[in-house]
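# Coordinates in review
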Amino acid sequence: MEPAAPSSPAPPAPAAPSSPSLSSSSPSSPSPPPAAAPGSAELVCAQGRNLKAVLCQRCGSRVLLPGAATFARRELLLPAMKKKAVAAAAASGGDVVREHWLVRDMFSFENVGFTRDVGNVKFLVCADCEAGPIGWHCLDDKDSFYVALERVAHE
């Protein structure tokens, strides 16, 4: 009997092309959901929707039900989270946030409030305790509401 030939390792699979960012794609063309970052992978299902409920970090009020939003990457500047009185006194400062839950219908929210217009933007806050801003809505795009992952809790 002849010895079996050693098997050669399989060639490496080609790398998948990176998905375009949400801000560079047109709203009318469907595109696959962007890959979730390692820290948020347990929050996103295969279809790109939220697996867990989205809650206010401060009071625990439910903002979104599971499956109500899609994961999106977009670089946005949100004012720093402060109490209402402190926020009025300090108009400057903020954080650049990149990972969001994108909600296409404002009636999908369980509990959210909106600030007065700041230019052409309304900020999203918790309707119960007014903590925020937890997200952002541009008045030019009536169907896009962004909730920053780092500004909310999940259960």
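Note on numbering: residues in each chain are counted from 1, in written sequence order. Local features in this predicted model are restricted to residues of pLDDT 70 or higher, and side-chain atom pairs are both shown and tallied only at a pLDDT of 80 or more, whereas totals for entire chains, interfaces and linings draw on every residue. The side-chain numbers reported here are obtained from all heavy atoms of the structure, hydrogens and water having been left aside.

## A few points about the overall build of the protein
What counts is decided by this rule: Secondary structure elements follow DSSP: runs of H or I no shorter than four residues count as helices, runs of E no shorter than two count as strands, and numbering proceeds from the N terminus. Here's how the labels work: a residue is buried when its accessible area is under 20% of the maximum for its type, exposed when over 50%, partly exposed in between, all with a 1.4 Å probe on protein chains only. By the convention used here, residues are in contact when the closest approach between their heavy atoms is within 4.5 Å. For the area figures, the Shrake-Rupley method with a 1.4 Å probe applies, and any residue is considered shielded solely by the protein chains shown.
Secondary structure summary: the protein contains 1 helix and 9 strands in total. Mapped from its N terminus to its C terminus, the protein presents α and β elements in the order β-β-β-α-β-β-β-β-β-β. When burial is assessed residue by residue, the protein has 33% of its 155 residues classed as buried. Within the protein, counting contacts between residues at least 6 apart in sequence, those at least 24 apart form 54% of the total. By element, 57% of the accessible surface of the protein is carried by carbon and sulfur atoms, the whole surface being about 9500 Å².

## Points about unusual backbone geometry
Cis geometry is adopted by the peptide bond preceding P133, which originates at G132 and carries an omega value of 5°. Mapping P133 onto the fold places it in the loop between β6 (121-125) and β7 (135-138). The residue E130 is not glycine, and still its phi comes out positive at about 65°. Secondary-structure assignment places E130 in the loop between β6 and β7.

## Some points on the pattern of salt bridges
Our working definition: In what follows, salt bridge is the name for a side-chain nitrogen of Lys or Arg lying within 4 Å of a carboxyl oxygen of Asp or Glu.
Tallying each qualifying case throughout the model produces 5 salt bridges. Taking the shortest distance from any N to any O, the salt bridge between E99 and R73 comes out at 3.7 Å. Of this pair, E99 sits in strand β4 (residues 94-103) while R73 sits in strand β3 (residues 70-79), and the two are 26 residues apart along the sequence. With a relative accessible area of 29%, R73 lands in the partly exposed category. As a salt-bridge pair, R98 and E75 come within 3.0 Å of each other at their nearest N and O atoms. Placement of the pair is R98 in strand β4 and E75 in strand β3, with a sequence separation of 23 residues. Residue classification places R98 among the partly exposed positions, given a relative accessible area of 45%.

## Side note on the sheet that holds strand β5 (residues 113-114)
The cut-off we apply is this: Any two strands with at least two DSSP bridges between them are considered paired.
The sheet built from 6 strands is open, its strands ordered β3-β4-β8-β7-β6-β5 with antiparallel pairing. The open sheet is flanked by β3 and β5, the only strands paired with a single partner. In terms of strand pairing, β5 meets β6 through 2 bridges, oriented antiparallel. Across the sheet, the residue bridging to F114 is L124, located in β6.

## Structural notes on the side chain of N111
Selection criterion: In the analysis that follows, any N or O atom pair within 3.5 Å is treated as a polar contact, provided that within protein one partner can donate a hydrogen and the other can accept it, and provided that, for residues neighboring in sequence, both atoms belong to side chains.
Within the secondary structure, N111 sits in the loop between β4 and β5. Engagement of the side chain of N111 in a polar contact is seen with the side chain of D128, the distance being 3.2 Å. The residues contacting N111, other than those within four sequence positions of it, are S61, R62, V63, C126, A127 and D128.

## As for the environment of F145
Tracing the backbone through its elements, the reader meets F145 in strand β8 (residues 145-148). Once the C-alpha coordinates of F145 and H100 are considered, the two residues, 45 residues apart in sequence, prove to be 9.2 Å apart. Contact partners of F145, with chain neighbours within four places excluded, come to W101, L102, V103, R104, D105, M106, F109, F114, L124, W136 and H137.

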